Amino acid sequence: MGDKLMEEIQQGRNEIESQGRQIVLRVKEKGSFESGSAKLRDSFIPIMDKIRGAIESINGIFAVSGHTDDIPISTLRFRSNWELSSARSVSVAHELLKTGSMDPAKFTIVGHGETRPLVENDSTENRSINRRVEIVINQGENADKILSGEEALPEDQGLTDDL
């Protein structure tokens, strides 16, 4: 998977993190969404195509989780950061599922708003880091055991420290 997304990782658009049998693919805000919008930019669709190509053959359970910074939003469309982060998650999931190559029954959508920052929201740069959508893939034959924590997730050999 990592080799299929190397260009996007090197350009700072995506990050991949492997934690046992869990893979976290972080879609950074950089280039993906306009500020305050949940519509993927047209220029980002080819990157989503690459992400789909990299993950569609992985057997697992997918959670698409949206995150924002701590600056409150209140617009006609979004009353809160929770709504914005949820809507962004839905946009990413729809894009992943549009070809029919992935099973929607294996997806959940989550909006965390500003509640799970990666770094402190104390600068413009850090706020940018916190604005993201994560595709969390829990791998394994028995998803219930994985989701309950009873069973660990497998290592992904395609992920290296270089990513």
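Now for a quick tour of the structure. Keep in mind it's a predicted model, so treat the numbers as computed, not measured. (Residues numbered from 1 in each chain as written. Predicted model: local features only at pLDDT ≥ 70, side-chain atom pairs only at ≥ 80, totals over all residues. Heavy atoms only, no water.)

## Details of the overall build of the chain
Counting its secondary structure elements, the chain contains 5 helices and 5 strands. Once local pairs closer than 6 in sequence are excluded, the contacts in the chain between residues at least 24 apart make up 68%. Working note: accessible area of the chain is about 8600 Å², and carbon and sulfur atoms make up 48% of it. (Helix = DSSP H or I, 4+ residues; strand = E, 2+ residues; numbered from the N terminus. Contact = heavy atoms within 4.5 Å. Areas by Shrake-Rupley, 256 points an atom, 1.4 Å probe, with all protein chains shown as cover.)

## Details of the pattern of salt bridges
Per the stated rule, a full pass over the model turns up 10 salt bridges. For the salt bridge of Asp42 with Lys39, the shortest nitrogen-to-oxygen distance reads 3.4 Å. Judged by its relative accessible area of 61%, Asp42 is exposed. On the basis of relative accessibility, which here comes to 54%, the residue Lys39 falls in the exposed class. Residues Asp69 and Arg131 are paired through a salt bridge, measuring 2.6 Å at the closest nitrogen-oxygen approach. (Salt bridge = Lys/Arg side-chain N within 4 Å of Asp/Glu carboxyl O. Buried < 20%, exposed > 50% of the residue type's maximum accessible area, 1.4 Å probe, protein only.)

## Comments concerning the side chain of Asp69
As for its position among the elements, Asp69 is in the loop between strand E3 (60–67) and helix H3 (81–97). The class of Asp69 is buried, set by a relative accessible area of 7%. Setting aside chain neighbours within four positions, we find Asp69 in contact with Asn81, Glu114, Asn121, Arg127, Asn130 and Arg131.

## Description of the nonpolar core
With 24 residues, the main nonpolar core has Ile51, Ile55, Val92, Leu96 and Ile135 as its most contacted residues. At the level of secondary structure, the elements contributing two or more residues to this core comprise strand E2 (22–28), helix H2 (45–55), E3, H3 and strand E5 (132–139). Sorting elements by how many residues they give to this core places H2 first, with 6 residues. (Core = buried A, V, L, I, M, F, W, Y, C linked by side-chain atoms within 4.5 Å.)

## Considering the environment of Lys98
Inspection of the secondary structure assignment puts Lys98 in the loop between H3 and strand E4 (107–111). Separated by 49 residues in sequence, Lys98 and Asp49 place their C-alpha atoms 9.8 Å apart. Those residues in contact with Lys98 that sit more than four places away from it in its chain are Ile45, Asp49 and Arg52.

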